[in-house]
Amino acid sequence: MNKELSISEVIDLLIEKFSTQIRIKNGREVTGSTNAKDYKMLKNSLEKFISEKYEKPLFSYQFQDIGTHFLIDYISFLEKRAADMGTKGAIPNRLKKLQAVFNHAREMGVKNADSSIFRNVSEEMKISEVAPLILSADTMHKIENIDRSAFSRIELFHVDLFLFSFYSGGMTCSDMAYLTYSQIKKGMITYEKMRTHKTVVVPLITKSQDIIDRYWDKCYSNYVLPIFSAKHLTEKQQREKIDRLTFSVNKTLIKVCKQIKFRKKITLGSAQAAYIAQMLKAGVVDPFYIAQSTGCTTEYICKHFL
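The sections below set out a description of the structure shown in this document. (Residues numbered from 1 in each chain as written. Predicted model: local features only at pLDDT ≥ 70, side-chain atom pairs only at ≥ 80, totals over all residues. Heavy atoms only, no water.)

To continue, consider the environment of Val 101. Mapped onto the secondary structure, Val 101 falls in helix H4 (residues 91-108). Beyond its immediate chain neighbours, meaning those up to four positions away, Val 101 contacts Val 10, Ile 11, Leu 14, Tyr 39, Leu 42 and Phe 63. (Helix = DSSP H or I, 4+ residues; strand = E, 2+ residues; numbered from the N terminus. Contact = heavy atoms within 4.5 Å.)

Turning to helix H11 (residues 287-294), its buried residues are Pro 287, Ile 290, Ala 291, Ser 293 and Thr 294. Buried residues of H11 fall within an arc of 165 degrees about the axis and therefore sit on the same side. Check the buried side of H11 and you find it contacts strand E5 (199-203), helix H10 (270-281) and helix H12 (298-304). Between a side-chain oxygen at the N-terminus of H11 and the backbone nitrogen of Phe 288 the separation is 3.0 Å; the capping residue is Asp 286. Just downstream of H11 lies Gly 295, where phi reads positive at about 85 degrees. (Buried < 20%, exposed > 50% of the residue type's maximum accessible area, 1.4 Å probe, protein only. Arc of directions from axis to C-beta. Polar contact = N/O pair within 3.5 Å; in protein donor to acceptor, adjacent residues only side chain to side chain.)

What follows deals with the nonpolar core. One recurring pattern in soluble globular proteins is that nonpolar side chains are buried together. Membership of the largest hydrophobic core comes to 56 residues, with the highest contact counts inside it found for Ile 143, Phe 162, Phe 164, Ile 189 and Ile 227. At nine residues, helix H6 (residues 153-167) tops the list of elements feeding residues into this core. Sequence-distant contacts of Ile 143, that is, excluding residues within four places in its chain, are made with Val 159, Phe 162, Leu 163, Val 256, Ile 260 and Ile 266. (Core = buried A, V, L, I, M, F, W, Y, C linked by side-chain atoms within 4.5 Å.)

Turning our attention to the packing of H6 against helix H8 (residues 206-215). Viewed as axis vectors pointing N to C, H6 and H8 meet at an angle of 145 degrees, and their least axial separation amounts to 9 Å. By crossing handedness, the relation of H6 to H8 is classed as left-handed. Listed contacts from H8 to Leu 156, Phe 157, Asp 160, Leu 163, Phe 164 and Tyr 167 of H6 are Lys 207, Ser 208, Ile 211, Ile 212, Arg 214 and Tyr 215. Residues of the contact of H6 with H8, tallied by class, amount to eight nonpolar, one polar and three charged. (Axes fitted to C-alpha atoms, helices over the stretch in contact; angles between N-to-C directions. Left-handed = near helix turned anticlockwise from the far one by under 90°. Nonpolar A, V, L, I, M, F, W, Y, C, P; charged D, E, K, R; others polar.)

What follows covers the environment of Arg 263. Within the fold, Arg 263 resides in the loop between helix H9 (235-260) and H10. For Arg 263, a relative accessible area of 87% gives the class exposed.

And the structure:
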């Protein structure tokens, strides 16, 4: 291994590594494309920052060129871009990925890849945990019984996806998209979450089955829900479909909130907190059991719900 690799070269190696890395997930092969995408975004961000701030190309930077002042300038750059775009920015994620580049470089034997510099920006690397929006049983009842005539066919599908997620422990759009009949046995849904290695086991209740039955004749291949079609064969096509669908579901949920006169913003991610709240109301207070049904950590459950 060349010990004089630049930061740009190490990032490129990581992109290639995760783009070709094959794992078995729920009985199917998947690549580490999400990690590859994260490193591509980091590289693009660093290129813009170094070009604007120092008027240099990223490929000219070695690991010894990155110090505390560089990190502070990079944080200011990310803060300004976030303010200009009206977003919260991705400062902790970008810093953590850059630190990971240093760690990988050190494992490769690259000189001067000293990740200890990140101790000086440890506060900026902390991801602020937002308290989940906990929907009451009354709110969920209103969504279940919403006037369906006020929604289009595709909007009703979005509502059903939100409800299916709620009934199934807070499934993400990715987990619902890849759910197949082979993962449903003896009244239980067992699957490995797409973004983690956690296995979730949750009962298939009648309401979930009703939604499955509603769309069974519209599904492609062995998928339980009609999210993928014959047009979504590659992992890239599937990921883009999931991203578009998540956006569309959240857009429909804005309309749902108006219909039921709910003033806060409900998203697809709100289904999980609603499920946990329902379990607690039903008398299930074992955080380990709830964690197994949702894929959450017991720490998260105890902090926000118990």
